[in-house]
Amino acid sequence: MTAPTEPPLLADPAELARALGVPVDDPDMLDTLRRASNRFRGQVHHSVHKVVGDEVWLDGDGSTELLLPAAPVLARPLVDVDGQALAAGDFEWSRRGILRRRCGWPDRLDAIRVVYDHGYDPIPEDIQEAVIDQARIMAGTMPGVQTVQAGGETVTYGATATTGVTAQWSAAVEAYRVGRGDQA
């Protein structure tokens, strides 16, 4: 059994290291960038980075369209229905992650196996910028703390730091979340 590999970071650690004034191999900075990358993946509901040969099992609902769990789709997927491979002419596919079959998909659980390539390589700039921005916020704040006072000095974190999202982050999540496809 092979141990699962950690997904790649969604932004360049050197860029965050420069912004924070720390070495590029700083473990806290790398952990923060990893957490920001994972948070982005969680909010868009797919891996974002390029994945080759991803195998998924889908539940059919009797409709003519199925939505793959990640986009963009990079090449024609291989599709099996009830263990039988479909020919290229038996279904249509889109880069946005839609599979269409004119005669419909079976109305059964785990009836459709799809092997496909999806994701981005390189990661789009707007995703990288949003992840770097989020990591900078995460690195500069203490969770749950809005105001810190020491002696006569008081620091109050802005609403962004306490709520955890920026407009840039929200726009990138909306553009890349599953069901929206490649709309960025």
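This one's a predicted model, so the numbers in the text were calculated from it and none came from an experiment.

Conventions we followed
Residues numbered from 1 in each chain as written. Predicted model: local features only at pLDDT ≥ 70, side-chain atom pairs only at ≥ 80, totals over all residues. Heavy atoms only, no water. Helix = DSSP H or I, 4+ residues; strand = E, 2+ residues; numbered from the N terminus. Buried < 20%, exposed > 50% of the residue type's maximum accessible area, 1.4 Å probe, protein only. Contact = heavy atoms within 4.5 Å. Pairing = 2+ DSSP bridges. Phe/Tyr/Trp six-rings, centres within 6.5 Å; stacked < 30°, edge-to-face > 60°. Lys NZ or Arg CZ within 6 Å of the ring centre and 35° of its normal.

### Thoughts on the overall build of the protein chain
- A tally of helices and strands in the protein chain yields five helices and nine strands.
- Each helix and strand of the protein chain, placed in order from N terminus to C terminus, yields the pattern α-α-β-β-β-β-β-β-β-α-β-β-α-α.
- Of all 184 residues assigned to the protein chain, the portion counted as buried reaches 36%.
- Intrachain contacts of the protein chain at a sequence separation of at least 6 include 72% that bridge at least 24 residues.

### Regarding the sheet that holds strand E5 (residues 92–93)
- Ordered in space as E2-E6-E5, the three strands form an open sheet in which the pairing is antiparallel. Taken across any chain shown, the strands that pair with only one partner, and hence form the sheet edges, are strand E2 (65–67) and E5.
- Sheet topology places E2 next to strand E6 (residues 98–100); three bridges connect them, and they run antiparallel. Looking across to E6, one finds that Leu66 is bridged to Leu99.

### Examining the packing of aromatic side chains
- If you walk through the whole model with that rule in mind, you get two aromatic pairs.
- Centroid distance Tyr120 to Tyr176: 5.5 Å. Interplanar angle 85 degrees. Geometry classified as edge-to-face. With Tyr120 in the loop between strand E7 (112–118) and helix H3 (125–140) and Tyr176 in helix H5 (residues 167–176), this residue pair connects regions lying 56 residues apart in the sequence. Of the two residues examined, Tyr120 and Tyr176, each falls in the buried class.
- Sitting over the ring of Trp105, Arg101 keeps its end group 5.5 Å from the ring centre.

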